[in-house]
Amino acid sequence: MDDLEKKQVHERAALVGLNSPILGEDDSDWDTLDELEELVETAGGECIAKVLQKRDKPDPGSFIGEGKAEEVKQLCTDNGADIVIFDNELSPSQIRNLEKILELPVIDRNALILDIFANRAQTSEGRLQVELAQYRYVLSKLSGMGKSMSRLGGGIGTRGPGESKLETDRRHIRRRIERLTEEFEKIRKVRGVQRERRIKSEIPTAAIVGYTNAGKSTLLNTLTGAGIHAADRLFDTLDPTVRKLDIENDISVLFSDTVGFIRKLPHKLVEAFKATLEEVKYADVIIHVIDASNPEWHKHISVVESIIDELEAGGTPRIRAYNKSDLIDDLPFLRSGDVLISAKTGKNADKLLQEVLKLVKKPEKRLKIFIPYEKGGFVDTLHTEARVESAEYGELIEVIAVCDEKVEGRLRESGIRAEEV
């Protein structure tokens, strides 16, 4: 048992969702409730009941209606619930009213995800980003936190870097947000400098993205030997990892792992993790890992694609890597460039790398190059930046080499004659 599991308070949670046509992306159904149950288990809790209420529109005061709220209260009493978690986003007044009716702490899906992220963050950067998201969330819910504010550190929805500082003084919270935002901007600048260095070094990058628990970290481990802890649970890896891999003798690629996506991922969390997720925006290729064994994989694809678009990376070339193919009988239809893989066993990892290579490899030409002796230094350049097949020394140095567009352009700029062979 790791330290995280030892710290977790195993609370009994009743899960409630509202299905309403006006909720849009925040709508709840049995699938999202099942996912909410997984999130509760990830947070160290136990689901004792699930309730799905259907209404034309949410009740302004109690969200699900007072009658339904009384039914939920009785259900909680009968099953010994410690907390009620809603699959939808609640307003401060709704949280306050529901806690009065249910006589139990009430949190929503966003608070639960923030709680999980708070426990998953290992690096100072990850903890800072989670704390920033927590403060923004608390500030938006301050007037309705009710019992939850009095049980800080007491279980699900109450943990994290900022738990001892979540005071009811709005001015204090706003000042803290300002300071965290300043630190956050410093991180973005550092990442920007690192990115510029990578661009100058001309090492292409591949960002591994996907729905949470799709197998991204396992894939990075398989490809690069990164040694990241990977387990079968939601949001197991939060802090990003970058590893370099030599695919061919003269081509290396930087692979970066990213935080998993999920339906109804809190916007505040996406904003807080922009510095990390910008790795996706600036990647040369995106590897979209899909858990093909999950019956909801079609929906997961849509969620990930929409977040990629939100990060302004919609135009980046991408590969769909259908993972856990060893666990399925009905194979998905593959488009050109898609790959069926098993990150756990390494099946088709070589095929995936070849697809990455196709997208990052620059167009090349086989050239015969005529170099005057006074420009003989270019021979060393060609040995370093191209693939030299032969070199003959006569009136001129005649070199046959495979060059990319950059090297060919430098030859032209230097007045060195070259012809394609």
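See the structure shown above.
Position numbers for residues count from 1 along each chain, tracking the sequence in the order it is written. The predicted origin of the model limits local features to residues at a pLDDT of at least 70 and limits the giving and counting of side-chain atom pairs to 80 or more, whereas totals for whole chains, interfaces and linings rest on all residues. Side-chain metrics rest on all non-hydrogen atoms present in the structure, leaving aside hydrogens and water.

Caption draft 1: Quick look at the pattern of salt bridges. The rule for a salt bridge is simple: a side-chain nitrogen of Lys or Arg has to be within 4 Å of a carboxyl oxygen of Asp or Glu. Inspection of every chain in the model, using the stated rule, returns 24 salt bridges. Between glutamate 355 and lysine 358 there is a salt bridge, with the nearest N and O atoms lying 3.2 Å from each other. Here lysine 358 and glutamate 355 lie together in helix 13 (residues 349-360), a separation of three residues that amounts to about one turn. Relative accessibility decides the category of a residue: with a 1.4 Å probe and only protein chains considered, values under 20% of the type maximum give buried, values over 50% give exposed, and everything between is partly exposed. Under the relative-accessibility criterion, glutamate 355 is labelled buried at 17%. Between glutamate 419 and arginine 417 there is a salt bridge; the shortest N-O distance is 3.8 Å. Salt bridges here are not isolated pairs; linked through shared partners, they connect Asp31, Glu35, Asp87, Arg109, Arg263, Glu296 and Lys299. Put simply, DSSP H or I for four residues or longer makes a helix, DSSP E for two residues or longer makes a strand, and each gets a number counted from the N terminus.

Caption draft 2: Spotlight on the side chain of lysine 324. The topology assignment puts lysine 324 in the loop between strand 9 (318-323) and strand 10 (339-340). In this description, contact between two residues means that some pair of their heavy atoms is separated by no more than 4.5 Å. What lysine 324 contacts, discounting residues up to four positions off in sequence, is Asn213, Ala214, Asp291, Ser293, Ile341 and Ser342.

Caption draft 3: Structural context of the pairing of strand 13 (residues 397-404). Where burial is concerned, most of strand 13 is hidden: six out of the eight residues are buried. In this structure, strand 11 (residues 364-371) lies alongside strand 13, joined through eight bridges in antiparallel fashion. Paired with phenylalanine 370 across the strands is glutamate 398, a residue of strand 13. Pairs of strands are assigned from DSSP output, requiring at least two bridges between the strands. Across six bridges, strand 12 (residues 387-393) lies against strand 13 in antiparallel orientation. Residue arginine 387 lies in a different strand from strand 13, and its bridge partner there is valine 402. The turn joining strand 12 and strand 13, which pair antiparallel and follow one another in sequence, is formed by three residues.

Caption draft 4: Highlighting unusual backbone geometry. Its identity is not glycine, yet glutamate 103 carries a phi of approximately 55°, on the positive side. Looking at the secondary structure, you find glutamate 103 in the loop between helix 4 (92-102) and strand 4 (106-108). Even without a glycine there, the phi angle at asparagine 348 is positive, about 65°. Here asparagine 348 shows up in the loop between strand 10 and helix 13.

Caption draft 5: Quick peek at helix 2 (residues 30-42). By this rule, a helix spans an expected 1.5 Å times one less than how many residues it contains. In this model, helix 2 (13 residues) spans 18 Å end to end at C-alpha, consistent with the 18 Å of a helix rising 1.5 Å per residue. Every buried residue of helix 2 is accounted for by Thr32, Leu33, Glu35, Leu36, Leu39, Val40 and Thr42. Down the axis of helix 2, the buried set is contained in an arc of 160°. They therefore lie on one face. Where helix 2 is buried, its residues touch strand 1 (12-19), strand 2 (46-54), strand 3 (83-86), helix 5 (109-120) and helix 12 (297-310). The definition of a polar contact used here is a pair of N or O atoms within 3.5 Å, where within protein one atom must be able to donate a hydrogen and the other to accept one, and adjacent residues in sequence count solely through side-chain atom pairs. You can read the cap of helix 2 off the contacts: a side-chain oxygen lies 3.0 Å from the backbone nitrogen of aspartate 31, and it is on aspartate 29. Here the arc refers to the set of directions running from the helix axis out to each C-beta atom.

Caption draft 6: Structural view of the packing of helix 5 against helix 6 (residues 124-141). The axes used here are C-alpha line fits, helices contributing only the stretch in contact, and every angle between their N-to-C directions lies in the interval 0 to 180 degrees. Where helix 5 contacts helix 6, the two axes come as close as 10 Å, and the packing angle between them is 155°. With respect to helix 6, the axis of helix 5 lies roughly antiparallel. In this structure, helix 5 crosses over helix 6, and the sense of that crossing is left-handed. Contact residues: helix 5 offers Asn110, Ala111, Leu114, Phe117 and Ala118, while helix 6 offers Val130, Ala133, Gln134 and Tyr137. Residue polarity is assigned by list, with Asp, Glu, Lys and Arg as charged and Ala, Val, Leu, Ile, Met, Phe, Trp, Tyr, Cys and Pro as nonpolar; anything else, Gly included, falls into the polar class. When the residues that make up the contact of helix 5 with helix 6 are grouped by side-chain class, the tally is seven nonpolar, two polar and no charged. Every angle not falling under 35 degrees, over 145, or within 65 to 115 is termed oblique; those three ranges are roughly parallel, roughly antiparallel and roughly perpendicular. Less than a right angle of anticlockwise turn of the near helix away from the far helix marks a crossing as left-handed, whereas a clockwise turn marks it as right-handed.

Caption draft 7: Examining the packing of aromatic side chains more closely. Centres within 6.5 Å make a pair out of two Phe, Tyr or Trp rings, where for Trp the six-membered ring is used; the pair is then stacked when the planes are under 30 degrees apart, edge-to-face when over 60, and tilted otherwise. Enumeration according to the criterion identifies three aromatic pairs in this entry. On the basis of an interplanar angle of 75° and a centroid distance of 6.1 Å, the ring pair of phenylalanine 63 and phenylalanine 86 is categorised as edge-to-face. Linking phenylalanine 63 in the loop between strand 2 and helix 3 (66-79) with phenylalanine 86 in strand 3, this pair joins segments that are 23 residues apart in sequence. Between tryptophan 297 and tyrosine 322, the ring centres sit 5.5 Å apart and the planes meet at 90°, which makes this aromatic pair edge-to-face. Taken together, the positions of tryptophan 297 in helix 12 and tyrosine 322 in strand 9 put the pair 25 residues apart, joining distant regions of the chain. The same class applies to tryptophan 297 as to tyrosine 322, namely buried. Should the NZ of a Lys or the CZ of an Arg lie within 6 Å of a ring centre and within 35 degrees of the ring normal, that charge is described as sitting over the ring. Positioned above the aromatic ring of phenylalanine 370, the side-chain terminus of arginine 417 is 3.9 Å from the ring centre.

Caption draft 8: Inspection of the sheet that holds strand 4 at higher detail. Across the sheet, which stays open at both edges, the four strands sit in the order 2-1-3-4 with parallel pairing between neighbours. Single-partner strands in this sheet number two, and they are strand 2 and strand 4. Taking the axes of each pair of neighbouring strands and ignoring which way they run, one obtains an average angle of 25° across the sheet. Pairing of strand 1 with strand 2 involves eight bridges; the strand directions are parallel. The residue of strand 2 that forms the bridge with asparagine 19 is lysine 54. Running over the sheet, helix 2 touches strand 1, strand 2 and strand 3 and is turned about 155° from strand 2.

Caption draft 9: How the structure looks around the sheet that holds strand 14 (residues 417-420). Strand order in this open sheet of four strands is 12-13-11-14, and the pairing throughout is antiparallel. The sheet is open, and its two edges are formed by strand 12 and strand 14, each paired on a single side. Within the sheet, the average angular offset between the axes of one strand and its neighbour, ignoring direction, is 25°. With respect to the sheet, helix 15 (residues 405-413) is in contact with strand 11 and strand 13, its orientation differing from that of strand 13 by roughly 140°.

Interpretation note: all reported values are geometric properties and have no functional meaning in isolation.
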